[in-house]
Amino acid sequence: PLFIGYALLGMLLFGSCTDLFKNLDAACVTLFSVSNGDSIEDVFQTVDTCGDPALSRFYMYSIVGLNICVVLNILLVVVEDAFFATKAFQMDQRRIQREQEAENMHVVQWLDQKTPGDTESSGDEDEEKG
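Let me begin by describing the structure that accompanies this report. Note that the coordinates shown come from a computational prediction; the quantities given were computed from them, not determined experimentally. (Residues numbered from 1 in each chain as written. Predicted model: local features only at pLDDT ≥ 70, side-chain atom pairs only at ≥ 80, totals over all residues. Heavy atoms only, no water.)

**Structural notes on the overall build of the protein**
The condition is simple: Counting from the N terminus, the helices are DSSP H or I runs at least four residues long and the strands are E runs at least two residues long. Exposure is judged per residue with a 1.4 Å probe applied to protein chains only, and the accessible area is read against the type maximum: over 50% gives exposed, under 20% gives buried, and values in between give partly exposed. Throughout, a residue-residue contact means that at least one pair of heavy atoms, one from each residue, lies within 4.5 Å. Using a 1.4 Å probe, accessible areas were evaluated by the Shrake-Rupley method; residue-level cover was limited to the displayed protein chains.
Helix and strand counts for the protein stand at four helices and zero strands. Counting from the amino terminus, helix and strand elements in the protein follow one another as α-α-α-α. A burial count over the protein gives 18% of its 130 residues as buried. Taking as baseline every contact in the protein between residues at least 6 positions apart, the subset at least 24 positions apart corresponds to 48%. Surface summary for the protein: the accessible area is close to 9,800 Å², and the carbon and sulfur share equals 61%.

Printed below as a string of structure tokens:
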């Protein structure tokens, strides 16, 4: 909605004196190309000659600034999502490692309890047989 609003405003302000904003399609293409870094200087110079230079500069600076903010926010969301996914993965790995260590400790304790009893009982059995 905001992009279309800027395109319509560009048509109203600059459509009569340049082909870059002559209709909605051309205005959208122009704003999209400016958002992607294409022909920024050409568009700035073209709209600067149409009407009030202060208004045209405000229009162009605001759309470029808005697009930069949107792109930076998208980048921030992607980086933040990757950070939290990595953090969750590491937490799961630590939890699994702790569970495995606890299980190993139980096995070692069980073996420590069984080993002395097994040797005594096997020794007793040997004495009873002999």
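Moving on from the model shown.
**Thoughts on the nonpolar core**
Rules: We define the nonpolar core as a collection of buried residues of types Ala, Val, Leu, Ile, Met, Phe, Trp, Tyr and Cys that are connected through side-chain atoms lying within 4.5 Å of one another.
Core analysis: the largest hydrophobic core is formed by 15 residues, its most contacted members being Phe-14, Phe-21, Leu-31, Val-47, Tyr-59 and Met-60. Breaking this core down by element, the ones donating at least two residues are helix 1 (2-14), helix 2 (24-35), helix 3 (40-48) and helix 4 (53-129). Looking at which element gives the most residues to this core, the answer is helix 2, with four residues. If near-sequence neighbours (up to four positions away) are discounted, Tyr-59 is found in contact with Tyr-6, Ala-7, Leu-9, Gly-10, Leu-13, Phe-14, Phe-21 and Leu-31.

Nothing here speaks to function; it is geometry throughout.
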